[in-house]
Amino acid sequence: MTNDSFDVVVIGGGAAGLSGALMLARSRRSVLVIDAGAGRNAPADAVHGLFARDGVAPAELVARGRDEVRGYGGSLVAGEVTTVTGALDEFTVRLADGRNSRARRLLVTTGLVDELPDIPGLRERWGRDVVHCPYCHGWEHRDQAIGVLASGPIAMHAALLWRQLSPDVVVFTGTGDAPDDPERLAALGIRVVPGAVAAAEITGDRMTGVRLTDGTVVARDALAVPTRMVARAAFLADLGLRPVPHASGMGVHIPVDAAGRTDVPGVWAAGNVTDLSAQVGGAAAAGAWAGAQINADLVTADADRAVAAYRARAGAPA
């Protein structure tokens, strides 16, 4: 890959990146996908809510996507991008191992990192019985004893979503404020447990409860935990692109317009790096859309070049 040039380099090889690369490769664009192998959903057993692929393992979904991109002539490499420099038509993408590639356009689909509260046991069970999204994991924990670790307005939202899936829901407020509508919680049988959470209790290969700092253990089969979502985008700093706070308050992201364009000409972004709440299907759709927009941009640029060359051959004014 060293010193090779491509129409498009896609940074990130998850659902958004592979869908964008597929769209571009099918348009006969030279495409390189660089993936660090740190998919957000890697700890989960399966992908859910994805049309015609519900229940597929994350690794299998990625493997299928890679094969499809290769089938249309796309290139894929494993590696971590450390810096991106240059400008429109002349970007240079550098990897940690010293390799680099050039690109006319970039598609950034590196996703995000979930920052969990600093509570023992959460990271160990993340994506299994310590979860975030009821649409991704709720069915698997239906009718179980579910805990929601949240305070303030987000606690109410999360509690109502999980109550749809189980009659046994408890809200742990930690050191924050209690939910702002206790009557609604009481009407639905949702109990509020105040006090700081010390740890998730783990027995064998599953979570069995939540321990408070006073030693009380509340038996729970699963714990829903809101995270701070941070876009993986440090490598874009030399281009002047840095994550900014998302309007939802959920974390930081790279803003884009309706076509997936960032503020830097020639750079698009799709998936969780810009849309913090996107599920796999939404990320894939956004990647495909961005891929189509990039191809359209290149089509216009190529046509403009052809016109300039045509005029030069004909002796017409450029």
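Looking at an unreviewed UniProt entry, one finds the protein chain named Thioredoxin reductase, with Nocardia aurantia as its source organism. As its UniProt record puts it under Catalytic activity (unreviewed entry), the protein chain is described as follows: "[thioredoxin]-dithiol + NADP(+) = [thioredoxin]-disulfide + NADPH + H(+)".

**Description of the domain arrangement of the protein chain**
As a measure of interface size, the accessible area lost when the parts come together is often cited. The domain boundaries assigned to the protein chain delineate domain 1 (5–114 + 228–315) and domain 2 (117–224). On a C-alpha basis, the centroid separation for the pair domain 1 and domain 2 is 35 Å. On the domain 2 side, the residues contacting the seven residues of domain 1 number ten residues. Together domain 1 and domain 2 conceal approximately 730 Å² of surface at their shared face, both sides included; 52% is due to carbon and sulfur atoms. In this structure, the connection of domain 1 to domain 2 is made through zero salt bridges. On the surface where domain 1 and domain 2 come into contact, there are two residue pairs in polar contact (both at pLDDT 80 or more). For the side of domain 1 that touches domain 2, the residue count by class is three nonpolar, two polar and two charged.

**Observations regarding the packing of helix α1 (residues 15–26) against helix α6 (residues 280–314)**
The description of two packed helices rests on the angle between their axes and on the distance between the axes. At a minimum axis separation of 7 Å, α1 and α6 run at an interaxial angle of 35°. For the crossing formed where α1 meets α6, the hand is right-handed. Residues Ala15, Ala16, Ser19, Gly20, Met23 and Leu24 of α1 form the contact with α6, whose participating residues are Val280, Ala283, Ala284, Gly287, Ala288, Gly291, Ala292, Ile294 and Asn295. Here the contact of α1 with α6 is built from residues that sort into ten nonpolar, five polar and no charged.

**Details of α1**
The terminal C-alpha atoms of α1 lie 16 Å apart, and with twelve residues this matches the ideal 16 Å at 1.5 Å per residue to within 8%. Along α1, the residues that are buried comprise Ala16, Gly17, Leu18, Ser19, Gly20, Ala21, Leu24 and Ala25. Buried-residue contacts for α1 involve β1 (4–11), β2 (31–35), α2 (58–71), β3 (75–78), β6 (100–108) and α6. Downstream of α1 by one or two residues, Arg28 has phi in the positive range, about 70°.

**Some remarks on α2**
Every α-helix carries 3.6 residues per turn, so stepping three or four residues along brings you back to the same face. In this model, α2 (14 residues) spans 20 Å end to end at C-alpha, consistent with the 20 Å of a helix rising 1.5 Å per residue. The elements touched by buried residues of α2 are α1 and β3. The positive-phi residue at the C-terminal boundary of α2 is Gly73, with phi of around 95°.

**Looking at the sheet that holds strand β16 (residues 228–231)**
As summarised here, the arrangement of the four strands in space is β7-β16-β18-β17, forming an open sheet in which the pairing is mixed. Of all strands in the sheet, those with a lone pairing partner are β7 (112–115) and β17 (244–245), marking the two edges. Sheet topology note: the β7/β16 ladder contains four bridges and is antiparallel. In the strand pairing of β16, Leu112 is matched with Ala231.

**Points about the sheet that holds strand β8 (residues 130–131)**
In spatial order, the strands read β8-β15-β9-β10-β11; together these five strands make up an open sheet with parallel pairing. Each having just a single partner strand, β8 and β11 (191–193) make up the two edges of the open sheet. Across three bridges, strand β10 (residues 169–172) lies against β11 in parallel orientation. Directly across from Val171, in β11, lies its bridge partner Val192. Along the sheet, helix α4 (residues 153–163) makes contact with β8, β9 (146–149), β10 and β15 (222–224), crossing β10 at roughly 165°.

**Describing the packing of aromatic side chains**
Overall, the coordinates contain zero aromatic pairs when judged by the stated rule. Just above the ring of Trp139 sits the side chain of Arg142; from NZ or CZ to the centre is 4.0 Å.

How each quantity is defined
Residues numbered from 1 in each chain as written. Predicted model: local features only at pLDDT ≥ 70, side-chain atom pairs only at ≥ 80, totals over all residues. Heavy atoms only, no water. UniProt positions renumbered as here; feature names shortened; annotations may be inferred. Domains from an automatic or database assignment. Contact = heavy atoms within 4.5 Å. Buried area = accessible area lost by both parts, 1.4 Å probe. Salt bridge = Lys/Arg side-chain N within 4 Å of Asp/Glu carboxyl O. Polar contact = N/O pair within 3.5 Å; in protein donor to acceptor, adjacent residues only side chain to side chain. Nonpolar A, V, L, I, M, F, W, Y, C, P; charged D, E, K, R; others polar. Axes fitted to C-alpha atoms, helices over the stretch in contact; angles between N-to-C directions. Helix = DSSP H or I, 4+ residues; strand = E, 2+ residues; numbered from the N terminus. Left-handed = near helix turned anticlockwise from the far one by under 90°. Expected span 1.5 Å × (residues − 1). Buried < 20%, exposed > 50% of the residue type's maximum accessible area, 1.4 Å probe, protein only. Pairing = 2+ DSSP bridges. Phe/Tyr/Trp six-rings, centres within 6.5 Å; stacked < 30°, edge-to-face > 60°. Lys NZ or Arg CZ within 6 Å of the ring centre and 35° of its normal.

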